[in-house]
Amino acid sequence: MATPQLGNCPKCRKLYLRIRNICDECYQKTEEDYLKTAAFLREYPGSTLQEVSDETKVSVAQIREFIISGRILMGSFPNLSYPCETCGKMIRGGKTCKSCMAQINQLGNQTGKEGREHSQERNDKAGGYITNYL
């Protein structure tokens, strides 16, 4: 088993022993925020993300992380949605909306196509050395 290493907490920047991805103080704060959020949603299941954040004083970003990590299940809360990571449009699943994902996929396809064309062009210029002599 590897020995834990020292590191800086990504949330508060304090030096801590890396047992988790954040220090104990931030972990405790996150757990308290989760309990407040879950309790509020149990009592007011029709709340929006902004209402939950305003009432519990837990940041929208933190509540979004609870949703994305699966700690808060969207099926029980019909009005709960969170911003797309790319454009900010409100969504109920994943990290990006469908239109941003389509745009990302389109750019990926274009990049892949250009890479294949460039590779074929290089082979043509080189005379296909390997394939000509195999």
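Note that this is a predicted model, so its numbers are computed, not measured. (Residues numbered from 1 in each chain as written. Predicted model: local features only at pLDDT ≥ 70, side-chain atom pairs only at ≥ 80, totals over all residues. Heavy atoms only, no water.)

A. Spatial organisation of the overall build of the protein chain. A tally of helices and strands in the protein chain yields five helices and four strands. Expressed as a percentage of the 134 residues in the protein chain, the buried residues total 27%. Across the protein chain, every contact between residues at least 6 apart in sequence was considered, and the portion connecting residues at least 24 apart equals 25%. Summed over all atoms, the accessible surface of the protein chain reaches about 9800 Å², with 53% contributed by carbon and sulfur. (Helix = DSSP H or I, 4+ residues; strand = E, 2+ residues; numbered from the N terminus. Buried < 20%, exposed > 50% of the residue type's maximum accessible area, 1.4 Å probe, protein only. Contact = heavy atoms within 4.5 Å. Areas by Shrake-Rupley, 256 points an atom, 1.4 Å probe, with all protein chains shown as cover.)

B. Layout of a nonpolar patch on the surface. Judged by side-chain polarity, Leu6, Leu15, Leu17 and Ile19 come together as a nonpolar surface patch covering roughly 450 Å² of accessible area. Tracing the backbone through its elements, the reader meets Leu6 in strand E1 (residues 6-8). (Patch = residues over 30% accessible without salt bridge, like charges linked within 9 Å, V, L, I, M, F, W, Y side chains within 5 Å. Salt bridge = Lys/Arg side-chain N within 4 Å of Asp/Glu carboxyl O.)

C. Layout of the pattern of salt bridges. In this structure the tally under the stated criterion is seven salt bridges. Across the pair Arg20 and Asp24 runs a salt bridge whose closest N-O atoms are separated by 2.6 Å. For the salt bridge of Asp33 with Lys36, the shortest nitrogen-to-oxygen distance reads 3.8 Å. One end of the pair is Asp33 and the other is Lys36, both in helix H1 (residues 24-43) and three residues apart, which spans about a single turn. Take Asp33: its relative accessible area is 7%, and that puts it in the buried class. Members of the salt-bridge network, linked through shared partners, are Lys29, Asp33 and Lys36.

D. The side chain of Ser53, seen in detail. Summarising the element assignment, Ser53 is placed in helix H2 (residues 49-56). Since its relative accessible area comes to 9%, Ser53 is described here as buried. In contact with Ser53, other than residues within four places in its own chain, are Val58, Ser59, Val60 and Ile63.

E. Quick look at the environment of Thr96. Note on placement: Thr96 falls in the loop between strand E4 (90-91) and helix H4 (98-125). Its relative accessible area of 16% is what places Thr96 among the buried residues. Between the C-alpha atoms of Thr96 and Pro83, which are 13 residues apart in sequence, the distance is 8.1 Å.

F. Summary view of unusual backbone geometry. Notably, Arg13 is not glycine yet its phi reads approximately 70°, a positive angle. You will see that Lys57, though not glycine, has its phi angle at about 65°, which is positive.

G. Molecular detail of the nonpolar core. One finds Leu41, Val52, Ile63, Ile67, Ile72, Leu80 and Tyr82 to be the most contacted residues of the largest nonpolar core, which totals 19 residues. Of all the secondary structure elements, the ones that give two or more residues to this core are H1, H2 and helix H3 (60-68). The element contributing the most residues to this core is H1, with four residues. In contact with Tyr82, not counting residues within four places along its chain, are Leu49, Arg64, Ile67, Ile68, Met74, Lys89, Met90, Ile91, Arg92, Gly93 and Gly94. Grouped together as the second largest cluster of nonpolar side chains are five residues, Cys9, Ile22, Cys23 and Cys26 included. (Core = buried A, V, L, I, M, F, W, Y, C linked by side-chain atoms within 4.5 Å.)

The values reported here are purely geometric and, on their own, carry no functional implication.
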